[in-house]
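For reference, the chains in residue letters:
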Amino acid sequence: AIQTTFLMVKPDGVKRQLIGDIVDRFERKGFVLKGAKLMQISQELAEKHYAEHAEKPFFGELTDFITSGPVFAMVWEGENVISVARLMMGATNPSESAPGTIRGDYSTTVSHNVIHGSDSLASAEREIGLFFNENELH
Ligand code: CMP
């Protein structure tokens, strides 16, 4: 089915100038970019976005990191894009992500793993709503 998902280049990926490479991978795959922006995440948005991790011991580290510099937020559309994008990103822990995937190619630590992607239909809908207004999607 045609789906939309929320993907975000994290501050480490932006600093390392990986935005172009990452956008290129999804465009070449055949997915369609519906919206994108470079933005600074507020503490409030970070806590909402990562609400499911609020009780985790690394929650403070997670929100500090995601607010440490600009991120590149994106909405992508395509056939099964939610799960396929996650395959292209690779496993959350870069020690387990395959070469050829984004995390497999560009990261070594789970806390600085370059990209975030929605993990389900429900989280895609929720995250797109948190980051984008209707008039920013094309
Ligand atoms: P993400 O897909 O953005 O969703 C939650 C994030 O938590 C995950 O990617 C990781 O970057 C991060 N994360 C998971 N486990 C740890 C950990 N043990 N320490 C720090 N960050 C973590």
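For clarity, every value in this text was computed on a predicted model and none was experimentally measured.

Undergrad: When you look at the overall build of the chain in this model, what are you seeing that I'm missing?
TA: Helices and strands together make up the secondary structure of the chain, namely 7 helices and 4 strands. Listed by position from the N terminus, the elements making up the chain come as β-α-α-β-α-α-β-α-α-β-α. A compact globule built from 138 residues would reach a C-alpha radius of gyration of about 14 Å, and the chain, at 14 Å, matches this within 12%. With the principal axes as the frame, the chain shows a C-alpha extent of 35 × 35 × 25 Å. Out of the 138 residues belonging to the chain, those deemed buried represent 46%. Counting only contacts in the chain whose residues sit at least 6 apart along the sequence, the fraction spanning at least 24 positions is 78%.

Undergrad: Would you mind going over the packing of aromatic side chains with me for this structure?
TA: How two aromatic rings sit relative to each other is set out by the distance from centre to centre and by the angle between their planes. For the coordinates displayed, the defined rule picks out 3 aromatic pairs. A ring pair is formed by Phe6 and Phe132, whose centres lie 6.5 Å apart and whose planes are at 70°; its orientation type is edge-to-face. You can see Phe6 sitting in strand E1 (residues 2–9) and its partner Phe132 sitting in the segment after helix H7 (121–131), a full 126 residues away along the chain. Assigned by exposure class, Phe6 and Phe132 land together as buried. One aromatic cluster in this structure is built from Phe6, Phe131 and Phe132. The ring of Phe132 carries the charged tip of Lys37 above its face, separated from the ring centre by 4.7 Å.

Undergrad: Is there a simple way to explain the sheet that holds strand E4 (residues 115–117) in this structure?
TA: The pairing of strands in a sheet happens through backbone hydrogen bonds and is either parallel or antiparallel. What the 4 strands build is an open sheet, ordered E2-E3-E1-E4; its pairing is antiparallel. Edge positions in the sheet fall to strand E2 (32–39) and E4, since each has one partner strand and no second. Direction aside, the axes of adjacent strands within the sheet are offset by 20° on average. Sitting on the sheet, helix H5 (residues 81–89) touches E1, strand E3 (71–79) and E4, and the angle it makes with E1 is about 35°. Sheet contacts for H7: E1, E2, E3 and E4; angle to E1, the most-contacted strand, approximately 55°.

Thresholds applied
- Residues numbered from 1 in each chain as written.
- Predicted model: local features only at pLDDT ≥ 70, side-chain atom pairs only at ≥ 80, totals over all residues.
- Heavy atoms only, no water.
- Helix = DSSP H or I, 4+ residues; strand = E, 2+ residues; numbered from the N terminus.
- Rg over C-alpha atoms; globule rule 2.2 N^0.38 Å.
- Buried < 20%, exposed > 50% of the residue type's maximum accessible area, 1.4 Å probe, protein only.
- Contact = heavy atoms within 4.5 Å.
- Phe/Tyr/Trp six-rings, centres within 6.5 Å; stacked < 30°, edge-to-face > 60°.
- Lys NZ or Arg CZ within 6 Å of the ring centre and 35° of its normal.
- Pairing = 2+ DSSP bridges.
- Axes fitted to C-alpha atoms, helices over the stretch in contact; angles between N-to-C directions.

All quantities given are derived from atomic positions and should not be read as evidence of function.
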